[in-house]
Amino acid sequence: MRHILPSLIASALLALPAGAQTLDRILETGELNLGYRTDAAPLSYQKEDGNPAGYTPLVCVSVAQSIANALKLENLDVAFVPVTTEDRFEKVASGEIDLLCGAATITLDRREIVDFSDPVYVDGTAILLPNGVQGSLSDLAGKKLGVRAATTTEEALDLSLSAANLTAEVITFENHADGISAMESKEIDAYFADQSILMGLFQSSPKASELMISNEILTIEKQGLAMARGDADFRLLVDASISDLFNNGKMREFFDAVMPGAEPGAALQAMYLLSPTAR
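Residues numbered from 1 in each chain as written. Predicted model: local features only at pLDDT ≥ 70, side-chain atom pairs only at ≥ 80, totals over all residues. Heavy atoms only, no water.

Student: When you look at the nonpolar core in this model, what are you seeing that I'm missing?
Tutor: Among soluble globular proteins, nonpolar side chains are generally buried collectively. If you look at the biggest cluster of nonpolar residues, it comprises 55 residues, and the most contacted ones within it are Ile26, Val59, Leu99, Tyr191, Leu225 and Met251. With eight residues, helix H2 (residues 55-70) is the largest single contributor of residues to this core. Apart from the residues within four sequence positions on either side, methionine 251 is in contact with Tyr55, Val59, Val120, Ile242, Leu245, Phe246 and Tyr272. Listed in part, the 11 residues of the second largest apolar core include Ile127, Leu129, Val147 and Leu157. (Core = buried A, V, L, I, M, F, W, Y, C linked by side-chain atoms within 4.5 Å. Buried < 20%, exposed > 50% of the residue type's maximum accessible area, 1.4 Å probe, protein only. Helix = DSSP H or I, 4+ residues; strand = E, 2+ residues; numbered from the N terminus. Contact = heavy atoms within 4.5 Å.)

So this is what it looks like as structure tokens:
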């Protein structure tokens, strides 16, 4: 099979009719369209050369191979399509992309728009802070807190502040790069994001020695691959592939590849144990 590589060049695609069943469309066109986040390293991001990288794109490359094998397609053209936090689920629902391979938390509200695969990762909201600052939420009362707009992290921060009866100035950013820049220049006192994303931001920051990631996790969030609602055959094939990846140890290999030196947390270790499904 050609073109199934982690470094596939992202391309713009015409929207396909949402009503058609996904596997039928793939058989007819010989194409599979995968959406990915460009700014959610190390889970999903765009490299300097414009190509996709990260944990979930690696997962989707293996899923694409499984789809090609199941459909007996010798040639499957796979296109990675960049998406934003604002348009990613709409592109899935409209049929413009067949599978969303970004860092997408599974929520009931989102399931009103799209379906999700079995979970592929477990993440949680953490806090990036200046070195030496207490890492609990209560210590940040009255401070300037940064967060990426239109994410479950923004919702989690608002709910956490409300539940703790705390007030703070919440500043939203259009992307994580702007958020980490504000943190580095001390325009904000803390930055909230998924723990995996904070790890990537922290490791790449020129001021990493001045920063730290808190041990406190505000949420535990399951993440999956989003697809159009009501397509049971496509979802079954995707879930079967994901189950095999957990069963044969590939998911752990993907984790080690994108987060070298890190150890999976308790929730992720439980997922490695529970995710394989008997055939």
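Student: Just to check I follow, could you spell out the pairing of strand E12 (residues 190-194) for this structure?
Tutor: Where a strand is regular, its side chains alternate between the two sheet faces. Buried residues dominate E12, accounting for five of its five residues. Two strands pair when backbone bridges link them, and strand E9 (residues 125-130) and E12 are joined in this way by four bridges, in the antiparallel orientation. Residue threonine 125 lies in a different strand from E12, and its bridge partner there is aspartate 194. Relative to E12, strand E10 (residues 144-148) runs parallel, the two sharing three bridges. (Pairing = 2+ DSSP bridges.)

Student: Is there a simple way to explain the pairing of strand E11 (residues 169-173) in this structure?
Tutor: Strand direction decides the pairing type here: E10 and E11, joined by five bridges, are parallel. Following the sheet pairing, arginine 148 is matched in E11 by phenylalanine 173. Tracing the backbone out of E10, into helix H4 (residues 152-163) and back to the parallel element E11 gives a crossover that is right-handed. (Right-handed = clockwise from strand over helix to strand, strands pointing away.)

Student: How do you make sense of the sheet that holds strand E4 (residues 52-53) when you look at a structure like this?
Tutor: Either a parallel or an antiparallel arrangement is found when strands of a sheet pair, and the pairing is made through backbone hydrogen bonds. One open sheet accounts for three strands, arranged E2-E3-E4; its pairing is antiparallel. What marks the edges here is a single partner per strand, and that holds for strand E2 (39-40) and E4.

Student: Mind showing me how you'd approach a negative patch on the surface here?
Tutor: A contiguous patch of negative charge, built from Asp109, Glu112, Glu155 and Asp158, is present on the exposed surface. Among the structural elements, glutamate 155 can be located in helix H4. Given the relative accessible area of 52%, glutamate 155 is considered exposed. (Patch = residues over 30% accessible without salt bridge, like charges linked within 9 Å, V, L, I, M, F, W, Y side chains within 5 Å. Areas by Shrake-Rupley, 256 points an atom, 1.4 Å probe, with all protein chains shown as cover. Salt bridge = Lys/Arg side-chain N within 4 Å of Asp/Glu carboxyl O. Lys, Arg positive; Asp, Glu negative; His and termini not counted. Charge placed at Lys NZ, Arg CZ, Asp CG, Glu CD.)

Any link to function would need more than the numbers given here.
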